[in-house]
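Here is how the chains run, residue by residue.
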Amino acid sequence: MTAAEKLDLVSVENYLAGELSSTTKHEYLGGMVYAMAGASNRHNTIAGNLFAALHSRLRGHKCRPFNSDTKIRVRLPTHLRLYYPDASVVCRPNPPNDSFQDEPAAIFEVMSEATRRIDEGEKKDAYLTIPSLGAYVLLEQDRPAVIVYRRTEQGFHREVYTGPNATIPLHEIEVELPMADIYEGVEFVSEPNGQ
């Protein structure tokens, strides 16, 4: 038998310093660093619409939206993670020189088939441990549908909103997001059987 190979883990300080000069975004999971893949035009349209909707609705409020260039730091009992969500809203921001936020009130991810397992599994499990988080919002990319994991006194509760005329209430950040605004300009491909 051979000894297990020792992994050389990256310190969070080296990771953060490297991200400031990197042309590629990386997420950090307890010392392991993973490059992020690019996104489709549909994904970017939805994420852009989302940020614009949040920005216009939060103008003059204490909470501020952040785009996908801002990391969220998650402090798990055994390790630290830093993720780049598609958008977040923070009501108690970190200092301006930080490149991450610790206390998001809402986090948003635009899902695809390629990211669904991570967005609904690993990231959801990590994000829901953040004490300040009131809502984790998953936006479908192939149809107008949104899943909200909302904090209640009994824990997080799952809600689903579908259709272009639905509105997503986010009392955690004092806004409502019409699906028509989020999915503006997005064309959906019909299924071959007409669905």
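Residues numbered from 1 in each chain as written. Predicted model: local features only at pLDDT ≥ 70, side-chain atom pairs only at ≥ 80, totals over all residues. Heavy atoms only, no water.

**Student:** Explain the overall build of the protein chain to me, please; I cannot follow it from the model alone.
**Tutor:** When helices and strands are counted, the protein chain shows 4 helices and 13 strands. In terms of overall dimensions, the protein chain is globule-like: its C-alpha atoms have a radius of gyration of 18 Å, near the 16 Å expected for 195 residues. The dimensions of the protein chain, computed from C-alpha atoms along their principal axes, are 60 × 45 × 40 Å. Here the protein chain, with 195 residues, has 45% of them falling under the buried criterion. Counting contacts in the protein chain only where the partners sit at least 6 residues apart, residues at least 24 apart contribute 50% of the total. Here the protein chain has roughly 11,100 Å² of accessible surface; of this, 50% comes from carbon and sulfur atoms. Averaging the positions of the 20 positive and the 27 negative side-chain charges in the protein chain gives two centres separated by 3 Å. (Helix = DSSP H or I, 4+ residues; strand = E, 2+ residues; numbered from the N terminus. Rg over C-alpha atoms; globule rule 2.2 N^0.38 Å. Buried < 20%, exposed > 50% of the residue type's maximum accessible area, 1.4 Å probe, protein only. Contact = heavy atoms within 4.5 Å. Areas by Shrake-Rupley, 256 points an atom, 1.4 Å probe, with all protein chains shown as cover. Lys, Arg positive; Asp, Glu negative; His and termini not counted. Charge placed at Lys NZ, Arg CZ, Asp CG, Glu CD.)

**Student:** Explanation requested: the nonpolar core in the structure shown.
**Tutor:** Within soluble globular proteins, side chains that are nonpolar generally end up buried alongside one another. Membership of the largest hydrophobic core comes to 30 residues, with the highest contact counts inside it found for Leu54, Phe108, Leu139, Ile168, Leu170, Ile173 and Leu177. Among the elements of the structure, helix H2 (41–58), strand E6 (87–90), strand E8 (104–111), strand E9 (135–140), strand E10 (145–152), strand E12 (167–170), strand E13 (175–178) and helix H4 (179–182) are those that each provide at least two residues to this core. It is H2 that provides the largest number of residues to this core, a total of 6 residues. Setting aside residues no more than four positions away along its own chain, Leu139 makes contact with Ile46, Leu50, Phe108, Glu109, Val110, Met111, Ala145, Val146, Ile182 and Tyr183. Val74, Ile107, Tyr127 and Leu133 belong to the second largest nonpolar core, which has 16 residues in total. (Core = buried A, V, L, I, M, F, W, Y, C linked by side-chain atoms within 4.5 Å.)

**Student:** How should the sheet that holds strand E4 (residues 71–75) be read in this particular structure?
**Tutor:** Taken together, the 5 strands give an open sheet; going across it, the order is E2-E1-E5-E4-E7, and neighbouring strands pair in mixed fashion. Edge positions in the sheet fall to strand E2 (32–35) and strand E7 (100–101), since each of these pairs with one other strand and no more. Of the pairings in the sheet, the one linking E4 to strand E5 (residues 80–83) comprises 4 bridges and is antiparallel in character. Paired with Arg73 across the bridge in E5 is Leu82. Contacting strand E1 (26–29), E2, E4, E5 and E7, helix H1 (residues 12–21) crosses the sheet at an angle of about 170° to E1. (Pairing = 2+ DSSP bridges. Axes fitted to C-alpha atoms, helices over the stretch in contact; angles between N-to-C directions.)

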